[in-house]
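What follows is each chain in one-letter form.
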Amino acid sequence: MRRRVGSSKANRRGLPRRESGQRSQRIAPSPGPPTRWGSGDQDTAGAVHAPIAHDSAVGHVTGEARYVDDLPEPRDLLHAYVRLSDRAHARVTRLDVGPAAAAPGVAAVMAARDLPASNDVGPVLPGDPLFADGVVEYWRQSLFAVAAESAELARKAAHLAVVEYEDLPAILTVEEALARGSFVLPTQVMRRGDPEAALARAPRRLQGRLTMGGQEHFYLEGQVAMAVPREGGDMLVYSSTQNPSEVQHLVAEVLGVPHSAVVVEVRRLGGGFGGKETQPALFACIAALLAWRTGRPVKLRLDRDDDMIITGKRHDFVADYDVGFDGGGRIRALDLTLASRCGISPDLSGPVNDRAMMHADNAYYLPHVTITSHRCKTNTVSNTAFRGFGGPQGMMAIELVLDEIARHLGRDPLEVRQRNLYGGRGRNHTPYGMEVEDDVSGMVAELAHGADYAARREAIARFNAGSVWLKRGIALTPVKFGIAFTATAMNQAGALVHVFTDGSVHLNHGGTEMGQGLFVKVAQVVADELGVGLGSVKTPATSTDKVPNTPPTAASSGSDLNGKAAQVAARAIRSRLARCAAEHLGGSPEQVVFGGGKVRLGKRALDFAEVARLAHQSRVSLSATGFYRTPKIQWDKKRYRGRPFLYFACGAAVSEVEIDTLTGEYRVRRVDILHDCGDSLNPAIDRGQVEGGFVQGMGWLTTEELWWDEAGRLGTHAPSTYKIPTCGDVPEDFRVTLRRTRSREPTVHRSKAVGEPPLMLAISVFHALRDAIAAVGGERQSPRLDAPATPERVLLSVEELRARLDGPSADRSARP
Ligand code: MTE
Ligand code: MOS
């Protein structure tokens with residue numbers, strides 16, 4: 001019915017397809033920025049699988065791309081400011097907002113008692129009050145908000161209010177919460193086999209603990225919302241959110257109006273990384289409430305410090321393991337306990353911790369296993385989604401276990417990892433019962449070979465033998481990451497496609513663009529279906545009145561879900577157009593072919609625009625909706641059994657580092673990555689996701705350290721004290737290969753999700769650091785190192801290891 005506009009066209013443009021095993025650093029830019037109607041190459045620019053630049057690439061660089069704060073400000077706009085608590089846990093004995101309300105330029109002040117309806121913006125379960133009501137439960141919880149003529153006046157006024165507290169005892173850490181039995185949700189256990197008996201029988205056994213820090217999202221655009229009242233009590237909200245539908249629903253609930261009275265619009269986010277999956281609701285709701293109260297538009301934009309303080313982060317975790325294994329390093333049984341700091345409310349902590357449990361196997365077969373997950377309630381801001389969504393923390397636990405086994409046995413950690421990978425008879429089911437069909441073992445072998453692991457391991461040993469203070473280390477770690485929301489109902493998507501009578505196309509779907517390239521990928525799919533250039537397909541802002549009841553753009557499934565829904569919608573229009581063209585040209589609709597902006601039947605051809613016009617003349621609808629639900633998945637939440645994911649996205653990385661044992665400073669010398677994107681919809685975008693995800697993961701495990709004081713105050717709330725990676729921290733030698741095998745599952749054009757999995761490839765950097773530290777004491781030494789492995793921690797680890805080796809009373813019993 002249509003000509004494929006796939007790889008052959010990409011080749012005609014001189015853009016080679018990347019083959020697996022081929023190393024390459026750069027992708028040629030696409031011929032023209034397909035940002036404006038008609039500017040794309042009509043014949044080729046719509047090809048799926050082609051390395052096309054991000055649709056906003058030029059706009060991002062020139063500053064033309066508009067974010068919420070760049071929108072033209074409506075007349076009468078007010079600015080909001082939120083006053084926050086000064087205590088981690090206290091009764092509010094006095095809250096006098098009178099002086100704030102009387103301050104110059106103030107139009108409204110709202111606190112809990114002034115709300116028309118709900119005071120809760122909990123996304124899944126209640127527990128996230130918009131404004132504290134009588135008690136504050138974490139430092140910098142919102143107390144009330146002020147709307148004034150300028151942001152400055154609002155801020156000044158807010159600080160005039162009088163707040164008095166009576167302190168209550170606060171629980172701040174995972175350890176305290178565990179000791180006091182303080183949880184946001186009940187403890188969960190996943191089990192297979194008989195781990196107690198298998199542990200008791202195992203020839204060897206090790207126990208240990210790892211603590212992992214959280215992570216600040218540090219999106220470039222902070223949290224922001226602008227609410228504009230419309231007639232009849234309706235509200236339009238511009239929000240920087242990954243979840244427009246949820247913001248719509250929560251705004252409606254706090255205003256006490258039906259969902260249909262609220263529209264949420266999102267053109268793009270300046271990064272979300274999970275930090276805008278639930279968190280934007282607070283700000284959107286406050287802006288909407290103040291707009292409702294004053295009848296004027298209200299904008300609420302946080303400054304960086306407030307943003308870092310008010311919003312939840314990646315969960316920090318403590319992992320305790322007890323592992324039994326044989327002399328070859330194969331795991332017989334594992335008893336793993338994960339405990340995370342959830343903060344004050346459930347937010348997304350249920351699914352985040354579930355995902356940690358489901359990734360505590362990573363790519364390894366665990367015959368007998370218990371995974372216990374404690375979801376600790378603390379008087380800190382509620383932690384939330386962050387790229388990987390608990391998966392990284394689960395994987396860190398098992399990767400440490402394998403590294404410890406290897407060092408205990410004096411074997412190469414890669415050998416021990418390989419020995420435990422899924423594969424072989426009876427060794428291909430996860431602890432929750434899903435079959436692993438991916439050949440991670442093959443990928444690991446391919447990467448080890450391609451990256452010269454064995455030769456470099458030897459070279460590093462030689463270097464270390466000859467170097468007293470500088471030590472090098474290397475590590476290879478795999479990633480196997482489940483793709484789908486574990487909440488089965490969320491795996492659905494809608495789209496709405498319009499073709500206009502000049503042949504131009506409007507593509508609406510429920511996904512949000514946050515820099516990850518979703519819009520260009522879905523547009524490629526639609527352009528391919530209709531056989532038009534990418535320049536003909538415009539994706540306007542995501543809006544809840546175009547495509548309703550959507551899941552967040554999250555779980556890496558944005559292009560899987562929205563790509564399929566948009567494909568369904570575009571196909572519906574195409575088949576109507578095929579009928580029109582067949583009638584006009586004489587022939588059957590099945591013979592009609594769409595491609596290159598033309599509609600062909602045999603030797604005759606019409607412009608796509610001409611066919612659109614003909615269809616309109618014949619009173620044929622040029623709009624269609626599309627709907628998609630992920631097939632095959634089913635999940636028994638109570639028993640932790642089933643197939644929660646459609647498939648796994650897999651990859652592997654080798655990292656090599658050099659540490660200075662006198663200062664703890666280090667460099668990442670080289671990184672080799674092999675990552676499976678299926679038959680990538682857009683290898684240029686996917687490469688960016690792999691590189692960016694890896695570097696973000698590296699930040700989490702190396703330099704990004706969150707620090708709270710004993711009063712529960714976050715000390716690291718600005719780039720001056722919180723160190724994210726910069727371009728100078730990107731590995732000196734960074735070799736990324738996309739493995740482009742077609743997805744086994746019927747995903748959109750057989751591509752695979754790529755948004756989150758590469759972050760976890762950075763676990764190889766953490767283990768390369770451990771390897772380098774271990775070199776201080778010879779092979780069998782196991783360093784004590786928690787994450788993030790800041791230079792300070794690396795230095796302390798080196799010194800601890802040296803003390804262990806030197807001291808006569810050194811503690812050698814706990815570790816090999
Ligand atoms: N890439 C950029 N540039 N900015 C982002 O905010 N978020 C990540 C990932 N890549 C993010 C990103 C996260 S947490 C997810 S879940 C996916 O993108 C979401 O988009 P997708 O489902 O379309 O891949
Ligand atoms: Mo991503 S953490 O699923 O938004």
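Scroll up a little and you will see the structure.
Computed from a predicted model, the values in this text were never measured in an experiment. Residue positions within a chain follow its written sequence, with the count starting from 1. Here chains are named by letter from A upward and ligands by number from 1 upward, in the order in which they appear as written. Local features in this predicted model are restricted to residues whose pLDDT is 70 or higher, and side-chain atom pairs enter the listing and the counts only when it is 80 or higher, whereas totals over whole chains, interfaces and linings include all residues. Computation of side-chain values covers all heavy atoms of the structure but excludes hydrogens and water.

Some thoughts on helix α14 (residues 453-466)
- Helix length check: α14, at 14 residues, gives a terminal C-alpha distance of 20 Å against a target of 20 Å (1.5 Å per residue), a fit within 8%.
- Type-normalised accessible area, obtained with a 1.4 Å probe on protein chains alone, sets the label of each residue: buried when under 20%, exposed when over 50%, and partly exposed for intermediate values. Only DSSP runs of H or I with at least four residues qualify as helices, and only runs of E with at least two residues qualify as strands; both kinds are numbered from the N terminus onward. Every buried residue belonging to α14 is among Tyr453, Arg456, Arg457, Ile460 and Asn464, and all of these are buried. Relative to the axis of α14, the buried residues are bounded by an arc of 105° and lie together on one face. In α14, the exposed positions angled more than 90 degrees off the buried face are occupied by Ala454, Glu458, Arg462, Ala465 and Gly466.
- Lining the buried residues of α14 we find α12 (413-420), α13 (440-450), β16 (470-483), β27 (647-660), β28 (666-676) and α19 (763-774). Residue count minus one, scaled by 1.5 Å, sets the expected span of a helix. Our arc is simply the arc of the directions from the helix axis toward the C-beta atoms. By the convention used here, residues are in contact when the closest approach between their heavy atoms is within 4.5 Å.

Concerning the sheet that holds β27
- The strand order across the open sheet formed by four strands is β16-β27-β28-β29, and the pairing between neighbours is mixed. What marks the edges here is a single partner per strand, and that holds for β16 and β29 (733-739). The mean inter-strand angle of the sheet, taken between neighbouring strand axes irrespective of direction, is 15°.
- Direction of pairing for β28 relative to β29: parallel, over a ladder of seven bridges. Paired with leucine 674 across the bridge in β29 is threonine 737.
- To obtain an axis, a line is fitted to C-alpha atoms, over the contacting stretch when the element is a helix, and the angle between two such axes runs from 0 to 180 degrees between their N-to-C directions. Against the sheet, α13 makes contact with β16, β27, β28 and β29, and its axis sits at roughly 135° relative to β28, the strand it touches most.
- Sheet strands touched by α14: β16, β27 and β28. Its angle to β16, the strand with the most contacts, is close to 150°. Strands were regarded as paired on the criterion that DSSP finds at least two bridges between them.

Points about the site of ligand 1
- Surrounding ligand 1, one finds 19 residues, the nearest of these being Gly272, Phe273, Met514, Gly558 and Gln689.
- Definition of a polar contact: a pair of N or O atoms within 3.5 Å, with one able to donate and the other able to accept a hydrogen when the atoms are protein atoms, and with sequence-neighbouring residues admitted only if both atoms are side-chain atoms. The contact in question runs from a nitrogen atom of ligand 1 to an N or O atom on the side chain of arginine 387, over 3.2 Å.
- A distance of 2.7 Å separates a nitrogen atom of ligand 1 from a polar atom in the side chain of glutamine 689.
- For ligand 1, whose free accessible area comes to 520 Å², the fraction covered by protein is 92%.
- Three categories are distinguished: nonpolar for Ala, Val, Leu, Ile, Met, Phe, Trp, Tyr, Cys and Pro, charged for Asp, Glu, Lys and Arg, and polar for the others, with Gly belonging to the last. Considering only residue class, the shell around ligand 1 consists of five nonpolar, 12 polar and two charged. One heavy atom within 4 Å of a molecule or strand is enough for the residue carrying it to be called near that molecule or strand. Using a 1.4 Å probe, the Shrake-Rupley method yields the accessible areas, and only the shown protein chains count as cover for residues.

What to know about the pattern of salt bridges
- Any carboxyl oxygen of Asp or Glu within 4 Å of a side-chain nitrogen of Lys or Arg constitutes a salt bridge here. Per the counting criterion, the structure on display carries 57 salt bridges.
- Residues glutamate 415 and arginine 411 are paired through a salt bridge, measuring 2.7 Å at the closest nitrogen-oxygen approach.
- On the accessibility criterion, glutamate 415 (27% relative accessible area) is partly exposed.
- Arginine 411 gets classed as partly exposed once you look at its relative accessible area, which sits at 30%.
- For the salt bridge of arginine 713 with aspartate 709, the shortest nitrogen-to-oxygen distance reads 2.8 Å.
- A relative accessible area of 40% places arginine 713 in the partly exposed class.
- A network of salt bridges, in which partner residues are shared, links Glu399, Asp403, Glu404, Arg407, Asp412, Arg417, Arg457, Arg770 and Asp771.

A short note on the side chain of glutamate 656
- Among the secondary structure elements, glutamate 656 is positioned in strand β27.
- Setting aside chain neighbours within four positions, we find glutamate 656 in contact with Arg456, Ile460, Arg472, Gly473, Ile474, Arg667, Val668, Arg669 and Arg670.

A few points about the layout of surface pockets
- Within this model, the second largest pocket holds a volume of roughly 930 Å³.
- Method remark: on a 1 Å grid restricted to protein atoms, a set of points is classed as a cavity if a 1.4 Å probe fits but cannot get out and as a pocket if it is open with protein on both sides within 12 Å along at least five of seven lines; lining residues have an atom within 4 Å of a point. Every residue lining the second largest pocket is counted, 41 residues in all, and those nearest its centre are Val124, Leu348, Pro351, Ala487 and Met490.
- Among the secondary structure elements, those contributing two or more residues to the lining of the second largest pocket are β7 (183-192), α7 (244-255) and α10 (349-358).
- Its residues placed into classes, the lining of the second largest pocket shows 21 nonpolar, 12 polar and eight charged. Grid points are joined across faces, edges and corners, and a volume is the space filled by probe spheres set on the points.

A few points about the pairing of strand β9 (residues 224-229)
- Among the six residues that make up β9, five are buried, leaving the element largely enclosed by the rest of the structure.
- Sheet topology places β9 next to strand β12 (residues 298-301); four bridges connect them, and they run antiparallel. Looking at β12, one finds that methionine 226 is bridged to lysine 299.
- When β9 meets strand β10 (residues 235-239), the two strands line up antiparallel, connected through five bridges. Counted as the bridge partner of alanine 225 is serine 239 from β10.
- The hairpin formed by β9 and β10 contains five residues between the paired strands, and glycine 232 there has a positive phi angle of roughly 70°.

Focus on the sheet that holds strand β15 (residues 368-377)
- Taken together, the five strands give an open sheet; going across it, the order is β7-β15-β14-β13-β8, and neighbouring strands pair in mixed fashion. Of all the strands in the sheet, the pair left with one neighbour each is β7 and β8 (204-212). The average undirected angle you get between the axes of adjacent strands in this sheet is 10°.
- Relative to strand β13 (residues 317-325), β8 is paired through nine bridges, and the arrangement is antiparallel. When the sheet's bridge partners are listed, arginine 204 is paired in β13 with phenylalanine 325.
- Where helix α11 (residues 391-409) meets the sheet, it contacts β8, β13 and β14 (331-343), and its direction lies at approximately 140° from that of β8.

Some points on unusual backbone geometry
- The peptide bond linking alanine 787 to proline 788 adopts the cis configuration, its omega dihedral lying at 0°.
- Within the secondary structure layout, proline 788 lies in the loop between α19 and α20 (791-806).
- Despite not being glycine, phenylalanine 218 has its phi angle at roughly 50°, a positive value.
- In this fold, phenylalanine 218 is placed in the loop between β8 and β9.
- For phenylalanine 218, a relative accessible area of 13% translates into the label buried.
- Although it is not a glycine, lysine 632 sits at a positive phi angle of roughly 70°.
- Position of lysine 632 among the secondary structure elements: in the loop between β24 (623-629) and β25 (634-636).
- Look at lysine 632 and you get partly exposed, because its relative accessible area is 48%.

So, the state of the cysteines
- Here, a disulfide means two cysteine sulfur atoms that sit within 2.5 Å of each other. Applying the stated criterion across every chain yields a total of zero disulfides.
- The cysteine cysteine 650 is free of any disulfide, with cysteine 677 supplying the nearest cysteine sulfur at 11 Å.

Quick look at the side chain of threonine 544
- Along the chain, threonine 544 turns up in the loop between β20 (542-543) and α16 (558-585).
- Judged by its relative accessible area of 7%, threonine 544 is buried.
- Polar side-chain contacts of threonine 544 include one of 2.9 Å to the backbone nitrogen of valine 264.

Thoughts on the pairing of strand β3 (residues 106-111)
- Within β3, five of the six residues are buried, which leaves it mostly tucked inside the rest of the structure.
- Pairing geometry for β3 and strand β5 (residues 142-148), over five bridges, is antiparallel. Across the sheet, alanine 108 pairs through a bridge with alanine 147, a residue of β5.

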